[in-house]
Protein chains: 2
Amino acid sequence: MKARVYVTLKPSVFDPQGRTIAEALHSLGYAGVGDVRQGKFFELEVNAGSDDQARALASEVADKVLANPVIESYRVEIV
Amino acid sequence: MKARVYVTLKPSVFDPQGRTIAEALHSLGYAGVGDVRQGKFFELEVNAGSDDQARALASEVADKVLANPVIESYRVEIV
């Protein structure tokens, strides 16, 4: 089965990449777009017996490798 | 309202970053993880009258700025 891990900077952390994208969009005339935040996502092919096991494995991998828990938060979705 | 744009490399495009992550996970002992693909995601704050308008704006922005349609595909979600 597949696990998707979405990693974003925590809301209190400044996101210069998102800010740059927002400014670029404004200069291109997209006034309807306000704040932008950028994150990463990972699609993992997971061998696990159940959704719960897959979720546990993906969460561990996210916590230890994919995200930096000091400044980033993550969300796991099993599909 | 918020629009989330998920950008991934098309399945036929080789993803060296995902491959490196998969190899790193295997060397760390996570044998249950198979293939890994990495993508980006963007959370846009959108000023629009309706969900459909927000989706149209986010799709246009994704198509023209956030994704490279030659090698990447994207998915838009309104939340």
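Not measured: the values here are computed from a predicted model. (Residues numbered from 1 in each chain as written. Chains lettered and ligands numbered in written order. Predicted model: local features only at pLDDT ≥ 70, side-chain atom pairs only at ≥ 80, totals over all residues. Heavy atoms only, no water.)

**Student:** Looking at this structure, how should I read the environment of A:Phe42?
**Tutor:** Position of A:Phe42 relative to the elements: it lies in strand S2 (residues 33-46). Judged by relative accessible area, which is 3%, A:Phe42 ranks as buried. In this structure the C-alpha to C-alpha distance between A:Phe42 and A:Arg4, which are 38 residues apart in sequence, comes to 5.6 Å. When residues no more than four places from it in sequence are discounted, the contact partners of A:Phe42 are A:Ala3, A:Arg4, A:Val5, A:Val7, A:Leu66, B:Ile21, B:Arg37 and B:Gln38. (Helix = DSSP H or I, 4+ residues; strand = E, 2+ residues; numbered from the N terminus. Buried < 20%, exposed > 50% of the residue type's maximum accessible area, 1.4 Å probe, protein only. Contact = heavy atoms within 4.5 Å.)

**Student:** Even after reading the chapter, I still don't get the interface of chain A and chain B, so can you show me in this structure?
**Tutor:** On the side of chain B, 32 residues touch chain A, which itself brings 32 residues to the contact. Buried area between chain A and chain B, summed over both chains or domains, comes out near 2,500 Å², and the portion from carbon and sulfur atoms is 64%. On the surface where chain A and chain B come into contact, there are zero salt bridges. Per-element tally for the side of chain A that touches chain B: the top contributor is S2(A), with 14 residues. (Buried area = accessible area lost by both parts, 1.4 Å probe. Salt bridge = Lys/Arg side-chain N within 4 Å of Asp/Glu carboxyl O.)

**Student:** Is there a simple way to explain the side chain of B:Arg37 in this structure?
**Tutor:** Inspection of the secondary structure puts B:Arg37 in strand S2 (residues 33-46). Residues within four places of B:Arg37 in sequence aside, it is in contact with A:Phe41, A:Phe42, A:Glu43, B:Leu9, B:Lys10, B:Pro11, B:Val13, B:Asp15 and B:Gly18.

**Student:** What should I look at first to understand the pairing of strand S1 (residues 2-9) of chain B in this one?
**Tutor:** Look at any regular strand and the pattern is simple: side chains alternate between the two faces of the sheet. Residues and elements named next belong to chain B. With six of its eight residues buried, S1 lies for the most part within the structure. Bridge analysis of S1 against S2 gives seven bridges, and the strand direction is antiparallel. Bridging from a neighbouring strand, Tyr-6 pairs with Phe-41 of S2. Bridge count between S1 and strand S3 (residues 72-78): seven bridges; the pairing is antiparallel. Bridge pairing links Val-7 to Tyr-74 in S3. (Pairing = 2+ DSSP bridges.)

**Student:** Is there a simple way to explain the pattern of salt bridges in this structure?
**Tutor:** Close approach of charged atoms allows side chains with opposite charge to pair. Residue and element names in this part refer to chain A. This model, assessed by the stated rule, comprises 14 salt bridges over all chains. Put simply, Glu-77 and Arg-75 hold a salt bridge, and the shortest N to O gap is 3.8 Å. Judged by relative accessible area, Arg-75 falls into the partly exposed class, the value being 34%. Each of Lys-2, Arg-4, Glu-43, Arg-75 and Glu-77 takes part in salt bridges that share partners, so that together they form one network.

**Student:** Before we go on, may I ask you to explain the layout of surface pockets in this structure?
**Tutor:** Summary: where empty space remains is shown by rolling a probe the size of a single water molecule over the atoms. In this structure, the largest pocket occupies an estimated 200 Å³ of space. Together, A:Arg4, A:Phe41, A:Glu43, B:Tyr6, B:Thr8, B:Leu9, B:Pro11, B:Arg37, B:Ser73, B:Tyr74 and B:Arg75 line the largest pocket. Sorting the residues of the lining of the largest pocket by element identifies S2 of chain A together with S1 and S3 of chain B as the ones contributing at least two each. When grouped by side-chain class, the residues that make up the lining of the largest pocket number five nonpolar, two polar and four charged. When its volume is computed, the second largest pocket comes out at roughly 160 Å³. A:Gly39, A:Lys40, B:Val7, B:Thr8, B:Leu9, B:Asp15, B:Gln17, B:Gln38, B:Gly39, B:Lys40 and B:Glu72 together form the lining of the second largest pocket. Mapped onto the lining of the second largest pocket, the elements with two or more residues apiece are S2 of chain A together with S1 and S2 of chain B. Its residues assigned to classes, the lining of the second largest pocket shows two nonpolar, five polar and four charged. (1 Å grid on protein atoms, 1.4 Å probe; cavity = no way out; pocket = protein on both sides within 12 Å on 5 of 7 lines; lining within 4 Å. Points joined across faces, edges and corners; volume = space filled by probe spheres on them. Nonpolar A, V, L, I, M, F, W, Y, C, P; charged D, E, K, R; others polar.)

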